[in-house]
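# Secondary and tertiary structure notes
Residues per chain, in single letters:
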Amino acid sequence: MRGTHGWAEVSRQRKREIIEAIATNRATKGPVHAELDLTDRCNVACYFCNQQDLRTKEAIPLPKLTDLIDELVEGGLQSVRLSGGGDPLFHRDVLNVLDYLAQKKVVVDNLTTNGVALTTEVARRLVDHQAREVIFSLNAADAGDYARMMQVKPALFDKVLENIRNLIAVRGDSIFPSIVVQFLLDKTNLHRLVDMYELGADLSPDRVGINAVLEIPLERIDEKILLERSDRDTAMPLIEEILRRDKERGILQIDFAVDGWNEMLWVVRDRVGTPAHNAYPQSPAFKNENGGCFFAWYTAAITGNGDIRPCCLLLNPTVKPLGNIHDGQTFTQHWNGPAFTQMRDEMREVLLSKSKVPYTPKRFGILKEQCVTDGLCWLKNMYFRYDEEFYTELGTALDEQRKREVRFVGRGAKARKRAAILFIESRPRVKRSYDWLRENSRPFRAFLKRRLGVNLTDSV
């Protein structure tokens, strides 16, 4: 069983509570899922790690962790992801943490680790407590490239391979946890793509994941190392080869957020005649207009220094924390406080506007462009869209709220502004005309503001 970002652990009643909270613009009792970044300590310094720029030497002490878990469980917590700016297995009390989560019936939905500290004792707990998924960030096909990407001594590479094999041996016939070996591509190692696949397959995991390095935070390394659209021609025969080799195994999970690469991938899939074995399904009830993020009602991330952050993809210095668990307030107080409330307001605007509201920093104080613009966040594209009943009910609830809150007549300036955004952004010709007028006509902007109370350059 693979991880689902906790969604498989959520009851139908709780999902309906999330929908009702979105519709009525209020908080849920607490997060159903949380990322607990137990420690900022890590033995590697991956050049592509966005969280490295937030890294401290801190870890959440065990007494604070158990109090936090108790509070989150009281609010309805069902599952956690263990990951973070450091490696979660470098927390000195990680065995006790795993035992306490199991005692509280909180599922470890995902553990993401470089694997160096995945000892036999950790492996046994992951199996015995039925953790859903372990992702090993192996990233490279040999020790030399591992040292380049992770910035460590090459000898650790063989240790990680040994630990992967050991977890598979400890697991035996159990289906828990699902084991993923993950590789990352850049211009330096693209030619090793087939070697990556073969190494991953030789380890006998449940899935071999292959993706591209997408960004280098704070220009830590020259961005020329990142793959571009023009690298498709080099990659195409290599991808075709691994798809052919995987045709019977069906363990490959491959996807690219590089411009033009997924189009190439589907061409090669058609040529080879192989489906996307490990693709994430999408139900007929899912519509992009209802596909905005709902994490402010569902989850949160807590880092090793105690910072509370919106989600695991917004762990970087450009995003301010929503609070800190050491600042004298409870997590629940933060969950109901002004920062989370603002984030819910911003997410709700995206949902009410059918994901048509354009992103600008002026409009959104907490959300970033990937939270607002369709297709930029891979996380909300993966784990949830298969849920037919949820998206049917969410769509119905949002349509009812749009009738009340997105209209030109009778509901105030905010309702008129939403209606104007939706009208303009849904009609390409109107939008082109509006954009020209907005840039070239001050009287037009004044007219909209005076007659309709709408200024689309203001924050939502």
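Above this text is the structure in question.
Rules used throughout
- Think of each chain on its own: its residues are numbered from 1, step by step along the sequence as written.
- Whole-chain, interface and lining totals are the exception, using all residues; otherwise, since this is a predicted model, local features are given only for residues with pLDDT of at least 70 and side-chain atom pairs are given and counted only at 80 or more.
- Side-chain measures here rest on the full set of heavy atoms in the structure, leaving out hydrogens and waters.
- A fitted line through C-alpha atoms serves as each axis, taken over the contacting stretch for helices, and the angle formed by two N-to-C directions is quoted from 0 to 180°.
- By the criteria applied, helices consist of DSSP H or I runs no shorter than four residues and strands consist of E runs no shorter than two, each listed in order from the N terminus.
- Roughly parallel here means an angle under 35 degrees, roughly antiparallel means over 145, roughly perpendicular means 65 to 115, and every remaining angle is called oblique.
- The hand of a helix crossing depends on one turn: near helix anticlockwise from the far one by less than a right angle means left-handed, and clockwise means right-handed.
- Residue contacts are counted whenever heavy atoms from the two residues lie within 4.5 Å of one another.
- Residues are grouped as follows: Ala, Val, Leu, Ile, Met, Phe, Trp, Tyr, Cys and Pro are nonpolar; Asp, Glu, Lys and Arg are charged; every other residue, Gly included, is polar.
- DSSP calls a pair of strands paired once it identifies at least 2 bridges connecting them.
- Relative accessible area decides the class of each residue, using a 1.4 Å probe on protein chains only: under 20% of the type maximum gives buried, over 50% gives exposed, and in between gives partly exposed.
- To define a nonpolar core, start from buried Ala, Val, Leu, Ile, Met, Phe, Trp, Tyr and Cys residues and group those joined through side-chain atoms within 4.5 Å.
- For this quantity, the arc is that covered by the directions from the helix axis to the C-beta atoms.
- Each salt bridge in this description consists of a side-chain nitrogen of Lys or Arg and a carboxyl oxygen of Asp or Glu lying within 4 Å of one another.
- Working definition: rings of Phe, Tyr and Trp (its six-membered ring) pair if their centres are within 6.5 Å, and the pair is stacked with planes under 30 degrees apart, edge-to-face with planes over 60 apart, and tilted otherwise.
- In our convention, an over-ring charge means Lys NZ or Arg CZ found within 6 Å of a ring centre and within 35 degrees of that ring's normal.

## Here we look at the packing of helix H4 (residues 120–128) against helix H6 (residues 156–171)
- Axis separation between H4 and H6 bottoms out at 9 Å; the angle between their running directions is 45 degrees. In terms of orientation, H4 lies oblique with respect to H6. When the axes of H4 and H6 are compared, the crossing they make is right-handed. On the side of H4, the interface is formed by Thr120, Ala123, Arg124 and Val127, while H6 contributes Asn166, Leu167, Val170 and Arg171.
- Considered class by class, the residues forming the contact of H4 with H6 number 4 nonpolar, 2 polar and 2 charged.

## Digging into the sheet that holds strand S7 (residues 252–254)
- If you walk across this open sheet you meet the 10 strands as S7-S6-S5-S4-S3-S2-S1-S8-S9-S10, and the pairing is mixed. Each edge of the open sheet carries a strand with a single partner, namely S7 and strand S10 (323–324).
- Pairing analysis gives 6 bridges linking strand S5 (residues 178–185) to strand S6 (residues 207–212), with the strands arranged parallel. When the bridges of S6 are listed, valine 181 appears paired with valine 208.

## Here's the deal with the environment of aspartate 186
- Tracing the backbone through its elements, the reader meets aspartate 186 in the loop between S5 and helix H7 (193–202).
- A residue is classified by how much of its surface remains accessible, and aspartate 186, at 0% relative accessible area, is buried.
- Separated by 45 residues in the primary sequence, aspartate 186 and aspartate 231 have C-alpha atoms spaced 9.9 Å apart.
- When near neighbours in sequence (up to four residues on either side) are disregarded, aspartate 186 contacts Tyr47, Arg148, Met149, Ile225 and Leu227.

## Thoughts on the nonpolar core
- Ranked by internal contacts, the top residues of the largest apolar core, which has 135 residues, are Leu138, Ile210, Ile239 and Phe294.
- With near-sequence residues (within four places) excluded, isoleucine 210 lies in contact with Phe183, Leu185, Leu193, Tyr197, Ile242, Leu252, Gln253, Ile254 and Asp255.

## Notes on H4
- Those residues of H4 lying buried are Val122, Ala123, Leu126 and Val127. An end-on view of H4 places all buried positions within 130 degrees of arc, on one side of the element.
- The inward-facing, buried residues of H4 abut helix H3 (94–103), strand S3 (107–113), strand S4 (133–139) and H6.
- At the C-terminal side of H4, glutamine 130 shows a positive phi close to 55 degrees.

## A word on the pattern of salt bridges
- Scanning the entire structure with this criterion turns up 33 salt bridges.
- Residue arginine 171 pairs with aspartate 206 through a salt bridge whose shortest N-O separation is 2.6 Å. One end of the pair, arginine 171, is in helix H6; the other, aspartate 206, is in the loop between H7 and S6, and 35 residues separate them in sequence.
- Take arginine 171: its relative accessible area is 11%, and that puts it in the buried class.

## Looking at the packing of aromatic side chains
- This structure, assessed with the given rule, holds 21 aromatic pairs.
- Aromatic side chains tryptophan 7 and phenylalanine 294 sit 5.5 Å apart centroid to centroid with 50 degrees between the ring planes, which places their arrangement in the tilted category. You can see tryptophan 7 sitting in the segment before helix H1 (12–24) and its partner phenylalanine 294 sitting in the loop between helix H9 (261–272) and strand S8 (299–302), a full 287 residues away along the chain. Side by side, tryptophan 7 and phenylalanine 294 carry an identical accessibility label, which is buried.
- The interplanar angle of 65 degrees and the centroid separation of 4.9 Å between the aromatic rings of phenylalanine 256 and tryptophan 261 together place this pair among those described as edge-to-face.
- Since its relative accessible area comes to 0%, tryptophan 261 is described here as buried.
- Among the aromatic residues, those joined into a cluster by ring pairs are Trp7, Tyr280, Phe286, Phe294, Phe295, Tyr298, Tyr383, Phe384, Phe390 and Tyr391.
- In this structure, arginine 269 packs its charged tip against the face of tryptophan 266, placed 5.3 Å from the ring centre.
- The cationic tip of arginine 344 hangs over the ring face of tryptophan 335; the distance from NZ or CZ to the ring centre is 4.6 Å.

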